[in-house]
Amino acid sequence: MTKTISESDVYQFAGITGDFNPVHVNSEYASQTVFKERIVHGILTAGFISAVLGTKLPGTDTIYLSQKVDFKAPVKFGDTITAEVEVLEKKDRKKIIRLRTIVKNQLDEIVVDGEAIVMK
């Protein structure tokens, strides 16, 4: 799943979650941080993993049991991110699947790395 992250996406996410951390929504504040500009919420970025799991692989009826997430690099406004999953292990009897989960930016840099456990 691929998406270019817009300013609107970030503000809608902030409104829904209540996370108005100024590093995401205040340009002046963010310019004084290590990032030098606003960055996208990490959890918004990781949320695209859920979209892949629930719609593509394993797909509809997937139940998310756990997610390990390591944020490797900031996502900036206008970045195009791609969420990918890879099956690492299947336990057919228990209907459990362990997957590697990553999100890359348009430069093919991993910005989120992790692992998910789902039931299907």
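Residues numbered from 1 in each chain as written. Predicted model: local features only at pLDDT ≥ 70, side-chain atom pairs only at ≥ 80, totals over all residues. Heavy atoms only, no water.

## A look at the nonpolar core
And then number 1: Grouped together as the largest cluster of nonpolar side chains are 20 residues, with contacts concentrated most on I5, I49, L53 and V103.
And then number 2: By residue number, the principal contributor to this core is helix α4 (residues 42–55), which donates five residues. (Core = buried A, V, L, I, M, F, W, Y, C linked by side-chain atoms within 4.5 Å. Buried < 20%, exposed > 50% of the residue type's maximum accessible area, 1.4 Å probe, protein only. Helix = DSSP H or I, 4+ residues; strand = E, 2+ residues; numbered from the N terminus.)

## Side note on the side chain of T101
And then number 1: As for its placement among the helices and strands, T101 is situated in strand β4 (residues 96–104).
And then number 2: Its relative accessible area of 0% is what places T101 among the buried residues.
And then number 3: In terms of polar contacts, T101 uses its side chain to reach the backbone amide nitrogen of E115, at 3.3 Å.
And then number 4: Contacts of T101, omitting those with residues within four sequence positions, involve I49, Q67, K68, E84, V85, V112, D113, G114, E115 and A116. (Polar contact = N/O pair within 3.5 Å; in protein donor to acceptor, adjacent residues only side chain to side chain. Contact = heavy atoms within 4.5 Å.)

## Some words on the side chain of H24
And then number 1: Turning to its location among the elements, H24 is positioned in helix α2 (residues 22–25).
And then number 2: Assessed through its relative accessible area of 8%, H24 is described here as buried.
And then number 3: Side-chain polar atoms of H24 contact the backbone oxygen of I39, separated by 2.7 Å.
And then number 4: Apart from the residues lying within four places of it in its own chain, the contact partners of H24 are V10, D19, R38, I39, V40, H41 and F77.

## Observations regarding the pairing of strand β3 (residues 80–91)
And then number 1: Across three bridges, strand β1 (residues 2–4) lies against β3 in antiparallel orientation. Paired with K3 across the strands is I81, a residue of β3.
And then number 2: Looking at chain direction, β3 and β4 are connected through nine bridges and run antiparallel. In the strand pairing of β4, K90 is matched with I97.
And then number 3: In this antiparallel pair of consecutive strands, β3 and β4, the connection spans four residues, and K95 shows a positive phi of 60°. (Pairing = 2+ DSSP bridges.)

## Points about the packing of aromatic side chains
And then number 1: Taken as a whole and assessed by the stated rule, the structure comprises zero aromatic pairs.
And then number 2: Positioned over the ring face of F77 is R38, at 4.2 Å from the centre of the ring. (Phe/Tyr/Trp six-rings, centres within 6.5 Å; stacked < 30°, edge-to-face > 60°. Lys NZ or Arg CZ within 6 Å of the ring centre and 35° of its normal.)

## Focus on the sheet that holds β1
And then number 1: Taken together, five strands build an open sheet; the order of strands is β1-β3-β4-β5-β2 and the sheet is antiparallel. One side of each edge strand has no neighbouring strand; the edge strands of this open sheet are β1 and β2 (63–71). The mean angle between the axes of side-by-side strands here comes to 20°, regardless of whether they run parallel or antiparallel.
And then number 2: Relative to strand β5 (residues 110–119), β2 runs antiparallel, the two sharing eight bridges. Following the sheet pairing, D70 is matched in β5 by D113. (Axes fitted to C-alpha atoms, helices over the stretch in contact; angles between N-to-C directions.)

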